[in-house]
Amino acid sequence: WWCVEITMRSLMCRRKVALFEVGDMSQSQILRRLGVRLSCRPMFRKDLGIIEVPKMLHRDGKNIEIDTVEILCEKIARAEACKKAVKRFVRRNGIKPEDPHVMFSCHPNTSVNVSDISGILDGWAIQRNFVPDIIVIDYPDILAPEPGCGHMTTKDRTNETWKALRKLSQQKHCLVVVPTQADAASYNVELLGPENFTDDRRKLDHPTGVFGLNQTKEEKAQGIMRLNWINLREDEFATDRCLYVGQQLKLGRPFCCGTY
């Protein structure tokens, strides 16, 4: 959902986005999520009815109070409604239909690596004159190894993948956004830290910034998530300072409002 949200907000800023789905979901699943986000309709019939959407968060010490607005949803996000929502979105944000602002590529897991993705981007630049400002890849933990890395250990292959992601951002002069899994210990902590990496510690060395998605069971029921910086190359940061975010995932909204 965060990948979808970053894609939508980038398009609202009239930035061009390349979205790569590499095994976590099928093409139809990711397109349905995009449709839910745009149409503001739920995906499943069980979610029809009155849905409360966070409008504003108030922080009182350690307690968070939520102001919500009620939305009556009588229909699910079917194809026709999603197509109309796309047209409204394009018109509202001044995007020309003949000028593609988003390209989507879906692959089975471990079938492509960062080098392959770079090649696809080169093809789009030549064939469609499409050069993205943001590249979203869901997600690098299930990418194929980079060329020449088959003999390496799992840790070294992971490091090469993250080095290749950094190289991609440098060569294409764009923002590369990727989610990655935390370790098993993260299931029992309230706040992620730099020790909650998987596979190889060096994966935290290459990005410009890494932020954690934190949520207890109680917060999930309330529709709250906490974001914290785990690593930030260009600025001061504190891992224990959180951005509190109001969510309503039934309508595809991982970020409705927020407060520090």
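Conventions adopted
Along each chain, residues carry numbers from 1 onward, in the same order as the chain's sequence is written. Per-residue local features of the predicted model are confined to residues with pLDDT of at least 70, and side-chain atom pairs are confined, for both listing and counting, to 80 or more; whole-chain, interface and lining totals are unaffected and use all residues. Neither water nor hydrogens contribute to the side-chain values; these are computed over all heavy atoms in the structure. Only DSSP runs of H or I reaching four residues or more are called helices, and only runs of E reaching two or more are called strands; each is numbered from the N terminus. In this analysis, two residues are considered to be in contact whenever any of their non-hydrogen atoms come within 4.5 Å of each other. Computed with a 1.4 Å probe, the accessible areas rest on the Shrake-Rupley method; for each residue, only the protein chains presented here act as cover. Charged residues are defined here as Lys and Arg on the positive side and Asp and Glu on the negative side; His and the ends of the chain fall outside this count. Here the site of a charge means NZ on Lys, CZ on Arg, CG on Asp, or CD on Glu. Type-normalised accessible area, obtained with a 1.4 Å probe on protein chains alone, sets the label of each residue: buried when under 20%, exposed when over 50%, and partly exposed for intermediate values. The rule for a salt bridge is simple: a side-chain nitrogen of Lys or Arg has to be within 4 Å of a carboxyl oxygen of Asp or Glu. Only centres within 6.5 Å qualify two rings of Phe, Tyr or Trp (six-membered ring in Trp) as a pair; their planes then separate them into stacked at under 30 degrees, edge-to-face at over 60, and tilted for everything else. Distance and angle both matter: a charge sits over a ring if NZ of Lys or CZ of Arg is within 6 Å of the ring centre and within 35 degrees of the ring normal. Each pair of strands is called paired provided DSSP finds at least two bridges between the two strands. Lines fitted to the C-alpha atoms define the axes, with helices restricted to the stretch that makes contact. Angles between their N-to-C directions range from 0 to 180 degrees.

Trainee: So what's going on with the overall build of the protein? Which residues, and what values?
Mentor: Along its length, the protein carries six helices and 10 strands. In terms of overall dimensions, the protein has a C-alpha envelope of 55 × 50 × 35 Å along the principal axes. Restricting the contact set of the protein to residue pairs at least 6 apart, pairs at least 24 apart contribute 62%. Carbon and sulfur atoms provide 50% of the accessible area of the protein, an area that totals close to 14900 Å². Taking the average place of the 39 positive charges on the side chains of the protein and the average place of its 33 negative ones, the gap between the two points comes to 8 Å.

Trainee: Account for helix 1 (residues 2-12), naming residues and giving values.
Mentor: Along an α-helix, residues three or four positions apart point the same way, because every turn accommodates 3.6 residues. The buried fraction of helix 1 amounts to eight of the 11 residues, a majority that puts the element mostly inside the structure. Buried residues of helix 1: Trp 2, Cys 3, Val 4, Glu 5, Thr 7, Met 8, Ser 10 and Leu 11, and no others. Looking at the residues trailing helix 1, positive phi occurs at Arg 14, about 60 degrees.

Trainee: How would you explain the pattern of salt bridges if you had to name every residue and give the values?
Mentor: The tally for this structure, following the rule as stated, stands at 11 salt bridges. With a shortest N-O distance of 3.4 Å, Lys 16 and Asp 99 are connected by a salt bridge. One end of the pair, Lys 16, is in the loop between helix 1 and strand 1 (17-21); the other, Asp 99, is in the loop between helix 3 (79-92) and strand 4 (102-106), and 83 residues separate them in sequence. By relative accessible area, Lys 16 is classed as buried at 16%. In this structure, Asp 200 and Arg 202 form a salt bridge, with 2.8 Å as the shortest nitrogen-oxygen distance. It is possible to trace a salt-bridge network through shared partners that takes in Glu 5, Arg 9 and Arg 37.

Trainee: Let's hear about the packing of aromatic side chains: which residues, and what values?
Mentor: Summed over all chains, the structure comprises four aromatic pairs. Ring geometry for Trp 124 against Phe 130: centres 6.0 Å apart, planes inclined by 80 degrees, an arrangement best described as edge-to-face. Of note, Arg 241 hangs over the ring of Tyr 260, and the distance from its end group to the ring centre comes to 4.3 Å.

Trainee: Break down the environment of Cys 40 for me, with residues and values.
Mentor: With respect to the helices, strands and loops of the structure, Cys 40 is situated in the loop between helix 2 (27-39) and strand 2 (49-60). Remark: the alpha-carbon pair of Cys 40 and Cys 73, spanning 33 residues in sequence, is separated by 8.5 Å. With near-sequence residues (within four places) excluded, Cys 40 lies in contact with Ile 71, Cys 73 and Leu 251.

Trainee: Talk me through the sheet that holds strand 9 (residues 242-248); I want residue IDs and the actual numbers.
Mentor: The four strands are arranged 7-8-9-10 in an open sheet whose pairing can be described as antiparallel. Each of the sheet's edge strands pairs with one partner strand only, and the pair in question is strand 7 (209-214) and strand 10 (253-259). Ignoring strand direction, the axes of neighbouring strands in this sheet form an average angle of 35 degrees. With four bridges connecting them, strand 9 and strand 10 associate as antiparallel partners. Pairing of Val 245 across the sheet is with Gly 258, part of strand 10. Packed onto the sheet, helix 1 meets strand 7, strand 8 (224-232), strand 9 and strand 10 and runs at close to 75 degrees relative to strand 10.

All we've got here are geometric facts, nothing functional implied.
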